[in-house]
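# Structural description and commentary
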Amino acid sequence: MREAFNIESGKHYVAGHRGMVGAAIVRALQQAGARQIVHKTSNELDLRDSSAVHRFFEAERPDYVFLAAAKVGGIWANSTYPAEFIYDNLQIQNNVIEASRRFGVRKLLFLGSSCIYPKLAPQPLKEEYLMTGPLEPTNEPYAMAKLAGMSMVRAYRQQYGSDFISVLPCNLYGPGDNYHPKQSHVMAALLRKFSEAVRQGSAEVEVWGTGSPLREFMHCDDLASACLFLMEHYSSEEPVNIGTGTEISIRDLAGKIAEATGFQGKLVFNPEYPDGTPRKVMDSTRLMEMGWRAKVDLGLGIRETLGGLSSADF
Ligand code: GDP
């Protein structure tokens, strides 16, 4: 029998706590009463360095691991730094997963991503469509690394009986997102572009691609809530999609953000930038059947995220 997930008395290691997802998981753990949460910045612990990771696990001996550390980025970053996207992510997950097994971690949650589904998989994306076709070329190195991580989770369950699980979140947003003008994902990029356009009185905002791709966006606090829920209620080698069940086109998203910022100028779609995968919406039935639901409404989440932005974010 699997041991219970004991939030309050267990020792939690959140890898990647400075990123949007890791920080949201730390907040959720604190709110749930966790008394022992350990984390390290990448300067203190380079997760690509296996000896350093093993020394850290040997010293800390966490009970629970949330593997939210990864090199992530939007469509431009993935196309520009493909080698770092595959190397860094493979190293990080190899080291953390193996150290977790070696030092007796009771449960580990590995974060994948909806972009590891085949480019032309039927939609909404069901977990069983993974590995059934070619990947979206703009993020293939990242996706390959994440697929390897999920395979590792499955293999460790099979060979060592480790209680490790994998989850696949949809596109995320919220406080602590990466607002780099080129390297960010679409939500952060547009929040920044529209806020700056309003401040500078610009007449136009450029939106990449045609505006027609469809995406599903979740607030990072909802993701963190789902991760804690699954740590408590789920133990199987099958990955679990984490989505809201609602999709929106990039054009409509841009319209929502324009409205939330008060931008009244023109939206200029630039098809010279890639659209990426045409539609990416998850089937989150597996998660919802367990009784979990996202809570943060998209319009409200956008307004709150905007309200929390400061010059430090840009
Ligand atoms: P994806 O979901 O993995 O494709 O990654 P992104 O979040 O980077 O992009 C999602 C969609 O938003 C793509 O169709 C982009 O072309 C589009 N998009 C529109 N404007 C922007 C922008 O300013 N930055 C980014 N990253 N994407 C944009």
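The structure this text deals with has already been given above.
Summarised in this report is the structure supplied together with it. (Residues numbered from 1 in each chain as written. Predicted model: local features only at pLDDT ≥ 70, side-chain atom pairs only at ≥ 80, totals over all residues. Heavy atoms only, no water.)

### What about the overall build of the protein chain?
If you tally the helices and strands in the protein chain, you get 10 helices and 13 strands. The C-alpha atoms of the protein chain give 19 Å as radius of gyration, which agrees with the globular expectation for 314 residues (20 Å, within 12%). In terms of principal-axis extent, the alpha carbons of the protein chain reach across some 60 × 40 × 40 Å. Counting across all 314 residues of the protein chain, residues that qualify as buried make up 53%. In the protein chain, 81% of the contacts between residues at least 6 apart in sequence involve partners at least 24 apart. If the 33 positive side-chain charges of the protein chain are averaged to one point and the 36 negative ones to another, these points end up 2 Å apart. (Helix = DSSP H or I, 4+ residues; strand = E, 2+ residues; numbered from the N terminus. Rg over C-alpha atoms; globule rule 2.2 N^0.38 Å. Buried < 20%, exposed > 50% of the residue type's maximum accessible area, 1.4 Å probe, protein only. Contact = heavy atoms within 4.5 Å. Lys, Arg positive; Asp, Glu negative; His and termini not counted. Charge placed at Lys NZ, Arg CZ, Asp CG, Glu CD.)

### Considerations on the site of the ligand
Neighbouring the ligand are 17 residues, the closest being Val-186, Lys-193, Arg-215, Pro-274 and Asp-275. Burial of the ligand by the protein chains amounts to 97% of its free accessible area of 530 Å². Elements supplying a minimum of two residues to the shell around the ligand: α6 (186–200) and β7 (204–208). A per-element tally of the shell around the ligand places α6 first, with four residues. In the shell around the ligand, the residues fall into nine nonpolar, four polar and four charged. (Near = heavy atom within 4 Å. Areas by Shrake-Rupley, 256 points an atom, 1.4 Å probe, with all protein chains shown as cover. Nonpolar A, V, L, I, M, F, W, Y, C, P; charged D, E, K, R; others polar.)

### Considering the sheet that holds strand β2 (residues 36–38)
Spatially, the six strands line up as an open sheet ordered β2-β1-β3-β4-β5-β10, and their pairing is parallel. Each edge of the open sheet carries a strand with a single partner, namely β2 and β10 (240–242). Each adjacent strand pair in this sheet contributes to an overall mean axis angle of 20 degrees, direction not counted. Against the sheet, helix α1 (residues 20–31) makes contact with β1 (11–15), β2, β3 (64–67) and β4 (107–111), and its axis sits at roughly 160 degrees relative to β1, the strand it touches most. Sitting on the sheet, helix α5 (residues 140–160) touches β4 and β5 (164–169), and the angle it makes with β5 is about 150 degrees. (Pairing = 2+ DSSP bridges. Axes fitted to C-alpha atoms, helices over the stretch in contact; angles between N-to-C directions.)

### Description of the environment of Trp-76
Looking at the element boundaries, Trp-76 is found in helix α3 (residues 75–80). Sequence spacing of Trp-76 and Ala-52 is 24 residues, and the spatial spacing of their C-alpha atoms is 31 Å. The residues touching Trp-76, leaving out its near neighbours within four places in the chain, are Tyr-81, Lys-182, Gln-183 and Trp-208.

### So, α1
Here α1 contains 12 residues, and its C-alpha end-to-end distance of 17 Å stays within 8% of the 16 Å for a straight helix at 1.5 Å per residue. Taken together, the buried positions of α1 are Met-20, Val-21, Gly-22, Ala-24, Ile-25, Val-26, Ala-28 and Leu-29. Looking at the packing, one finds that the buried side of α1 touches β1, β2, β3, β4, β6 (171–173) and α7 (220–233). Gly-33 occupies a position one or two residues after α1 and carries a positive phi of about 95 degrees. (Expected span 1.5 Å × (residues − 1).)

### Things to note about the pairing of β5
Of all six residues that make up β5, six are buried, and the element is covered over most of its length. Here β5 shows two buried faces, one formed by Phe-164, Ser-166 and Leu-168 and the other by Ile-165, Val-167 and Pro-169. Across four bridges, β4 lies against β5 in parallel orientation. Directly across from Phe-110, in β5, lies its bridge partner Ser-166. In this fold, β4 hands off to α5, which returns the chain to β5; that crossover is right-handed. Here three bridges tie β5 to β10, and the two strands are oriented parallel to one another. (Right-handed = clockwise from strand over helix to strand, strands pointing away.)

### A short note on the pattern of salt bridges
All chains considered together, the criterion is met by 16 salt bridges. The residue Lys-71 makes a salt bridge to Glu-84 at a minimum N-O spacing of 3.5 Å. In this pair, Lys-71 sits in the loop between β3 and α3 while Glu-84 sits in helix α4 (residues 82–102), placing the two residues 13 residues apart along the sequence. The exposure class of Glu-84 is partly exposed, given its relative accessible area of 37%. (Salt bridge = Lys/Arg side-chain N within 4 Å of Asp/Glu carboxyl O.)

### Description of the environment of Gly-299
Counting through the fold element by element, Gly-299 comes out in helix α10 (residues 298–307). The class of Gly-299 is buried, set by a relative accessible area of 13%. With 39 residues separating them in the primary sequence, Gly-299 and Ala-260 have C-alpha atoms 8.0 Å apart.

### Observations concerning the packing of aromatic side chains
For any pair of aromatic rings, the description consists of the separation of the ring centres together with the inter-plane angle of the planes. One pass over the structure, following the stated rule, counts 12 aromatic pairs. Here Phe-85 and Tyr-142 contribute two aromatic rings whose centre-to-centre distance is 6.1 Å and whose plane-to-plane angle is 75 degrees, an arrangement assigned as edge-to-face. You can see Phe-85 sitting in helix α4 and its partner Tyr-142 sitting in helix α5, a full 57 residues away along the chain. For the residue pair Phe-85 and Tyr-142, the accessibility class agrees, reading buried in each case. Grouping aromatic residues by their ring pairs yields a cluster made of Phe-5, Tyr-64 and Phe-66. For the cation-ring pair, Lys-71 lies above Tyr-81, with the distance from its terminal atom to the ring centre recorded as 5.5 Å. (Phe/Tyr/Trp six-rings, centres within 6.5 Å; stacked < 30°, edge-to-face > 60°. Lys NZ or Arg CZ within 6 Å of the ring centre and 35° of its normal.)

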